Amino acid sequence: MTVELHRLPNGVRVVTEHMPGLRSASLGVWVTAGGRHERETQNGVAHFLEHMAFKGTKKRNALQIAEAIEDVGGYINAYTSREMTAYYVRVLGEDVPLAVDVLSDIVLNPIFDSREIEVERHVILQEIGQALDTPDDIIFDWLQETAFPGQPLGRPILGPAGRVEKFYRNDLAGFVSERYVPGNLIIAAAGAVDHAAIVRMVEDRFGHLIPGAEVATEGAAYKGGETRVEKGLEQAHLAMAFEAPGYRDEDVYVSQVFSMALGGGMSSRLFQEVREKRGLCYSIFAQAGAYADSGLLTIYAGTGRDDLPDLIGLTLDEIKRAADDLSGAEIARASAQLKAGMLMGLESPASRAERLARQLSIWDRIPTLEETVEKIDAVTFERTRDFAAGISRHGTASLALYGPVSAAPSVEEMVARLVA
């Protein structure tokens, strides 16, 4: 497999990876513009814009966009995250030119028809309502806001309903003119692809774009705190978080290995101690997420009202204990899980294309898989123990609770237990 990278004179980046033996290809346009790139008055506009890309262009209506890809058996979709918006397609190799044409059309030529804006506004409001009715979904938005209060990184990707109700064509077009500039565009493809051919197609469709001025992005400042919403649900939902390294920090791999050992699988400490030995919950896990300049180690569990205090206490005790007795065997197992998950996840062209785009957005180059594996292998149990100890030393935490949660300790009580 060969990764090739090309930069257009205007700053658009094209990266491909040919995967021998495949008949299909995945490709997309990744825009380094997501929720954290919005001003407060724009909160939700990046996601709204993602929806509107499929609602009509200068040459295709909404149905024609879908039919163009599905007529050849392909698949088209998009997503918005806090740091990126992606529009992607999977097709057979011979239909790559069609895919590039459709993707460039929806990204560069949306018409933002006022009638379609109203239709999609209603769809997004339904999406927001659905999220509010899904406890193990909305709790992570509350946790994010608690960890990064009053900042773009802490705001919900969907935006508040009151803001979404007031977006119109000028709001969408304004965000495009600010953020959908050549330097923020990455075209990534993997599978049955020819690099030179894709470069030519991208040059033809994106080469005319004029570089735009760089717009500053507000940095992240982790704060922590508590959000508690009492409601008569069957389960109490708990999400707690601690500050973790950003993805440009070498310790990002330490946080990932630690989260895997703490709560990343059935052999992890939290799963064994909280679920298997005590039976305090059905679901519990830990994960490490990273952004450009910060990150979060997050723990989630759902449990009954009466078991919530014991579950929280045991979770905090396991974090403290890890600083003293996390073993080399646990680190080796967690590292193996992390590497295997990464490598197995890259067996599809869709995963390969997304990895290319994400790596390029982070480092402006594509690190080899061997380089990433070496960094994971370099994580020792001493470094991981020190990371665990640092959680207690920092003396801050973020807590989100939803459901019958009145018996849960406060975030201040949690921190006191950690540092004791």
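Just so we're clear, the structure is a prediction, and the values are computed from it rather than from any experiment. (Residues numbered from 1 in each chain as written. Predicted model: local features only at pLDDT ≥ 70, side-chain atom pairs only at ≥ 80, totals over all residues. Heavy atoms only, no water.)

A closer look at the overall build of the protein chain
Step number 1: Along the backbone of the protein chain there are 16 helices and 11 strands.
Step number 2: Expected size for 420 residues packed as a compact globule is a radius of gyration near 22 Å; at 23 Å, the protein chain falls within 12% of this value.
Step number 3: For the protein chain, the spread of C-alpha atoms along the three principal axes comes to 65 × 45 × 40 Å.
Step number 4: In the protein chain, buried positions account for 52% of the 420 residues.
Step number 5: A fraction of 81% describes how many contacts in the protein chain between residues 6 or more apart in sequence connect residues 24 or more apart.
Step number 6: Here the protein chain displays about 18000 Å² of accessible surface, and carbon together with sulfur accounts for 50% of that area.
Step number 7: With 42 positive and 60 negative side-chain charges, the protein chain shows a spacing of 2 Å between the two charge centroids. (Helix = DSSP H or I, 4+ residues; strand = E, 2+ residues; numbered from the N terminus. Rg over C-alpha atoms; globule rule 2.2 N^0.38 Å. Buried < 20%, exposed > 50% of the residue type's maximum accessible area, 1.4 Å probe, protein only. Contact = heavy atoms within 4.5 Å. Areas by Shrake-Rupley, 256 points an atom, 1.4 Å probe, with all protein chains shown as cover. Lys, Arg positive; Asp, Glu negative; His and termini not counted. Charge placed at Lys NZ, Arg CZ, Asp CG, Glu CD.)

Some words on the sheet that holds strand β3 (residues 24-31)
Step number 1: What the 6 strands build is an open sheet, ordered β1-β2-β6-β3-β5-β4; its pairing is mixed. Both edges of this open sheet fall to β1 (2-7) and β4 (75-80), since each of them pairs with a single strand only. Within the sheet, the average angular offset between the axes of one strand and its neighbour, ignoring direction, is 15°.
Step number 2: Pairing of β3 with strand β6 (residues 185-191), which is carried by 7 bridges, proceeds in the antiparallel orientation. Each residue of the ladder has a partner; that of W30, found in β6, is I186.
Step number 3: In this fold helix α3 (residues 96-108) packs onto β3, β4 and β5 (85-92), with an angle of close to 160° to the strand it touches most, β5. (Pairing = 2+ DSSP bridges. Axes fitted to C-alpha atoms, helices over the stretch in contact; angles between N-to-C directions.)

Section: the pattern of salt bridges
Step number 1: Counted by the stated rule, this structure contains 31 salt bridges.
Step number 2: Residue D101 pairs with R60 through a salt bridge whose shortest N-O separation is 2.6 Å. One end of the pair, D101, is in helix α3; the other, R60, is in the loop between α1 (45-52) and α2 (62-70), and 41 residues separate them in sequence.
Step number 3: Residue D101 is classed as buried on the basis of its relative accessible area of 16%.
Step number 4: Note on R60: relative accessible area 11%, which makes it buried.
Step number 5: Among the ionic pairs, D251 bridges to R383, the shortest N-O distance being 2.9 Å. Placement of the pair is D251 in the loop between β8 (236-244) and α9 (252-263) and R383 in helix α15 (residues 381-394), with a sequence separation of 132 residues.
Step number 6: R383 sits in the partly exposed class, given a relative accessible area of 31%.
Step number 7: Among the charged side chains, a salt-bridge network with shared partners connects K59, R60, D101, D105, D204 and R205. (Salt bridge = Lys/Arg side-chain N within 4 Å of Asp/Glu carboxyl O.)

Quick look at the sheet that holds β8
Step number 1: Pairing is mixed in the open sheet, where 5 strands are placed in the order β7-β11-β8-β10-β9. If you trace the sheet from one side to the other, it starts and ends with β7 (225-230) and β9 (283-290), each paired once. Recorded for the sheet is a direction-independent mean angle of 10° between the axes of neighbouring strands.
Step number 2: Pairing geometry for β7 and strand β11 (residues 398-403), over 6 bridges, is parallel. Counted as the bridge partner of E230 is G403 from β11.

Let's talk about helix α8 (residues 195-206)
Step number 1: Taking 1.5 Å as the rise per residue, α8 with 12 residues should run 16 Å; its terminal C-alpha atoms sit 16 Å apart, in good agreement.
Step number 2: Those residues of α8 lying buried are H195, A197, I198, V199, M201, V202 and F206.
Step number 3: In this fold, the buried residues of α8 make contact with β1, β2 (13-18), β3, α3 and β6. (Expected span 1.5 Å × (residues − 1).)

A closer look at the pairing of strand β10 (residues 295-303)
Remember that side chains alternate between the two faces of the sheet whenever the strand is regular.
Step number 1: Where burial is concerned, most of β10 is hidden: 9 out of the 9 residues are buried.
Step number 2: Along β10, one buried face is formed by G295, L297, I299, A301 and T303 and the opposite face, lined by L296, T298, Y300 and G302, is buried too.
Step number 3: Inspection of the sheet shows β8 paired to β10 by 9 bridges, in the antiparallel sense. Residue pairing for β10: A239 is matched across the bridge by Y300.
Step number 4: Of the strand pairs in this sheet, β9 and β10 are connected by 8 bridges, and their pairing is antiparallel. Along β10, the bridge assignment pairs F285 with Y300.
Step number 5: In sequence, β9 turns back onto β10 through a hairpin of 4 residues.

Everything listed here is a matter of coordinates, which is why it stays silent on function.
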